Amino acid sequence: GFPARHPTPPPRSPGGPRAMSGGYFTTDRARKYGWGVPRLALLTLFAFEVVPRYFLDASGSELNAFAAAEAHPGDGTATYPLRLGAYLRSLRWVGHAYMGSIGAGVNVQVLGFVGNLAMLLAAAAFCVADARRDYSIIVYLAKTFSGDFLAGKLDTAEWKLVLFWTFGVLGPGLWVLAGLEPGATGRTSKSFDVFGDVAFDWATAADAFRPYARILPILFLIQTVCEFGDAHLEHHRIVGKFFRHRYGFECFTLAAMTLPKLFSRAVWIAPKELRVVQHDLVICLFYRIGNLCIILVKNGWVKDFSAKAERVARKALFWIFGIVSNQRLVNVTDVDVAVAVLKKSAVKGDGLERHVATPAWRPLLSLESVDGDLYESMVRAFHELVAKLPEPRKVAEIAEARAEEMLLIARARAGEENAAKDDEASSSDVSEATVSLSVDDLSGESGVKSELELSKTKASKAPADLLRGGDAIDANAVARFSLAVFVEYVFGRAWEEKFEVLVDASWAWRREIAVRGRADASVKRAAVRLVVDDLIRNDERLWAMHGEAWREPRNYSLIMQPFLISPAINVGDVAVALKRRPGLRLEDAMRDAHPFPIFERFVSEDVYVDRRVDKKNGKTTSGRKNVLAVRKNTQVIMFTSDFRGSNVPWPVFGAGARMCAGTSAALGVLRAVATTLVAAGDAFAPERGHKYSGRHNDGVSSLGEAWYFARTVVPIVLGFGRERQDGVELERRAREALGVET
């Protein structure tokens, strides 16, 4: 019944709601409600459609009178007042469903104590409205909460308030209202005047509640026995499951509706009695549904189901995409097959990346997205560029130094906040080295100094404040950190105020690449101008490589995409994963929020994978067999989210000829985040300000963004809005996006 709860619910956390964990959300309870919902639904249908026809103690004329007594004028549908159709049309089920469903939420403190009170106040309003039709709701409440009270189940303040509402407010109030009679002042010895010509008559009140005199004690007995059994006999060897899984409630309720007729011709269930049972069953049904939903959400089963549904829908869309584009297209979800495909082919092919990501990257040409001769030319130039740069291990050194500075600044500002709250304690207990630490104190050489050394050392030039005056390492600070590391690594320059346009540009590119909205083209152009006209132009070593040709998209993209924009986007996603799942290893965090949500390859040859053969012709073997996984001439699309949770430790930086060329450099930055920045504790807040995530770990997606996604992707899937993708055309469009005449 409706507040039947676990005998040992999860404990309250100090000053907050119950922790939604522990024994309440067990697999046994999932089975209890998973099987209990359909069982109770069948019993409820039986109570509405079978009992009124075969087990009801009423003639046709009595039923018509019963219907007419509560039907609205002109309502001809009330001829069968106890059938499901009439009940649904009455809309009373809305209040009953609400009352049952919130019971589960109240039990586990989904909204906390104040939220529970708000939900219960709304339920009280439903009770008052329902009681205007008949008194079945007060009978239900009386049997439920008296039975729970005797069984020792009302152990929270919320349910004790409901007990008081039932027996101290609603029940007495309905009794008084039922006994009021206008124009009958002092009619009998059991009557007394209330006000004016209105009197309260005990006999009238008793007559109003007399139809429930039999059913109330029966339902009260069922409730008490079931709740006592659930609280004290749930682990009993014989009857434990009978009570714990609520078979008892269903069996006893079924008996109350049918046994009177089966064993006696004179004592059948009456219409108003059946109505109480029906409402009891509906409320309990939605209580079970509410519990089941909470358990499914808590254990991630709803998310798993959604992921499977998304996968099915995705495969259907790709099937359409393949037909429209006249190619065989496969969505691979098996890790072994995905790795084999990546190793087999270096060709991106004609997939979503070509038509969605490539335009979003403009005015850049992403080395990860281009194909054919343009890719071959750009990858050669990229390796020439890398040869001019310092060793990749230098990235790790720079990243660790900048991370240490950010950590000390965050700690210093946290110390200053504490000092402001307690000046006396600050002056006596906190050392000057910690409290007075500021950005100016963080000057020094490229090596990392101790906090005490930094507080005492003054150099001619202080490092930039990558927190920009803030007291937390938020999403902007993480993006700025990544950009500052690579600006220093590639160009040998410290972060400057004018470089902030790169932070804004990283969010602009992120937005369009994640298909969340159109990016501000002016911000993109400003970032390109800064890189070409300042950073590259003032670096003699780099400028000598291409000179004025650096202004070509194929050249400036070699620095902007792999070293600046992509890391600024991807490091933030990994940082959020590390924050939301403390203790997660770096590699696992990368798999959780992978830098490349989608892999695409076109395979021109058959792809085989090694599979263990357990049985052959009925005999067990221990051999292995090459199995055809993907046929040749197939476009393959792989979503890294499909590999999450896989037992196979798939390579996070890809595989084959197009695996990430900057693996060692990327690891240097990510390790600094996972070790040093995470050590900032509460000040490490990469989720603050995190937005436009293609991995949906920002938790925000507006209707406008969903509409943009639909109007961008759907036409491409259906064969509209596609562009020529040869190298010459891609370069022309990149120049066009930059505002350069071609």
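Structure first, text after, so check above.
In short, a report on the structure. (Residues numbered from 1 in each chain as written. Predicted model: local features only at pLDDT ≥ 70, side-chain atom pairs only at ≥ 80, totals over all residues. Heavy atoms only, no water.)

## Comments concerning the overall build of the chain
Check the secondary structure of the chain and you find 30 helices and 10 strands. Buried residues in the chain amount to 49% of all 742 residues. Across the chain, contacts joining residues at least 24 apart in sequence account for 72% of those joining residues at least 6 apart. Looking at the chain as shown, the accessible area adds up to about 35300 Å², and 58% of this sits on carbon and sulfur atoms. (Helix = DSSP H or I, 4+ residues; strand = E, 2+ residues; numbered from the N terminus. Buried < 20%, exposed > 50% of the residue type's maximum accessible area, 1.4 Å probe, protein only. Contact = heavy atoms within 4.5 Å. Areas by Shrake-Rupley, 256 points an atom, 1.4 Å probe, with all protein chains shown as cover.)

## Let's talk about the pairing of strand β10 (residues 634-639)
Extensive coverage of β10 is indicated by the burial of six of its six residues. Here β10 shows two buried faces, one formed by Thr634, Val636 and Met638 and the other by Gln635, Ile637 and Phe639. Two elements, strand β4 (residues 328-331) and β10, share four bridges in a ladder whose sense is parallel. Bridging across to β10, leucine 329 finds its partner in glutamine 635. As paired elements, strand β5 (residues 598-603) and β10 share six bridges and run antiparallel to each other. Paired with arginine 601 across the strands is valine 636, a residue of β10. (Pairing = 2+ DSSP bridges.)

## Considering the packing of aromatic side chains
What describes a pair of aromatic rings is the distance from one ring centre to the other and the angle between the planes of the rings. Here the structure, examined in full by the defined rule, presents 15 aromatic pairs. Between tryptophan 175 and tryptophan 202, the aromatic rings sit 5.8 Å apart at their centres with planes inclined by 55°, giving tilted as the arrangement. Here the residue tryptophan 175 occupies a position in helix α8 (residues 157-179), and tryptophan 202 occupies one in helix α9 (residues 202-209), the gap between them amounting to 27 residues. A relative accessible area of 26% places tryptophan 175 in the partly exposed class. Between the aromatic rings of tryptophan 495 and phenylalanine 499, the centroid separation amounts to 5.6 Å while the plane-to-plane angle is 75°, which identifies the pairing as edge-to-face. Assigned by exposure class, tryptophan 495 and phenylalanine 499 land together as buried. What links up through ring pairs into an aromatic cluster is the set Tyr135, Trp175, Trp202 and Phe209. Over the ring of tyrosine 375 we find arginine 658, and its NZ or CZ is 3.7 Å from the ring centre. Looking at lysine 691, its charged tip hangs above the ring of tryptophan 507, at a distance of 5.7 Å from the centre. (Phe/Tyr/Trp six-rings, centres within 6.5 Å; stacked < 30°, edge-to-face > 60°. Lys NZ or Arg CZ within 6 Å of the ring centre and 35° of its normal.)

## Here's the deal with helix α29 (residues 703-717)
Here α29 contains 15 residues, and its C-alpha end-to-end distance of 21 Å stays within 8% of the 21 Å for a straight helix at 1.5 Å per residue. Within α29, the full set of buried residues consists of Glu705, Tyr708, Val713, Ile716 and Val717. Relative to the axis of α29, the buried residues are bounded by an arc of 145° and lie together on one face. Turned more than 90 degrees from where α29 packs its buried face, Leu703 and Trp707 sit exposed. (Expected span 1.5 Å × (residues − 1). Arc of directions from axis to C-beta.)

## Looking at the packing of α8 against α9
Two numbers describe how α8 lies on α9: the axes approach to 7 Å, and their chain directions differ by 115°. Every pair of crossing elements has a handedness; the one defined by α8 and α9 is right-handed. For the pair α8 and α9, contact is made by Leu174, Trp175, Ala178 and Gly179 and by Trp202, Thr204, Ala205, Ala206, Ala208 and Phe209, respectively. Per-class residue counts for the contact of α8 with α9 are eight nonpolar, two polar and no charged. (Axes fitted to C-alpha atoms, helices over the stretch in contact; angles between N-to-C directions. Left-handed = near helix turned anticlockwise from the far one by under 90°. Nonpolar A, V, L, I, M, F, W, Y, C, P; charged D, E, K, R; others polar.)

## Considerations on the sheet that holds β10
Pairing in this open sheet of three strands is mixed, and the strands run β4-β10-β5 from one edge to the other. The sheet is open, and its two edges are formed by β4 and β5, each paired on a single side. Geometrically, the sheet is characterised by an average inter-axis angle of 20° between neighbouring strands, direction not taken into account.

## Focus: the nonpolar core
In terms of nonpolar packing, the biggest core is built from 91 residues, with Phe481 and Leu564 touching the most fellow members. Counting residues per element, this core draws most heavily on helix α26 (residues 553-580), which supplies 14 residues. Not counting residues up to four positions away in its chain, the partners in contact with phenylalanine 481 are Ala399, Arg402, Ala403, Met406, Leu466, Val669, Ala672, Val673 and Leu677. (Core = buried A, V, L, I, M, F, W, Y, C linked by side-chain atoms within 4.5 Å.)

## Here's the deal with the pattern of salt bridges
Tallying each qualifying case throughout the model produces 42 salt bridges. Among the salt bridges present, the one from glutamate 605 reaches lysine 344, with a minimum N-O distance of 3.4 Å. On the criterion of sequence distance, the pair formed by glutamate 605 in the loop between β5 and β6 (607-612) and lysine 344 in helix α15 (residues 335-344) is long-range, its members being 261 residues apart. On the accessibility criterion, lysine 344 (44% relative accessible area) is partly exposed. Salt-bridge contacts for arginine 732 lead to glutamate 729; the nearest nitrogen and oxygen are separated by 2.9 Å. In this pair, arginine 732 and glutamate 729 are both assigned in helix α30 (residues 727-738), three residues apart and thus about one turn of the helix distant. Where salt bridges share partners, they join Arg92, Asp130, Asp134 and Arg275 into one cluster. (Salt bridge = Lys/Arg side-chain N within 4 Å of Asp/Glu carboxyl O.)

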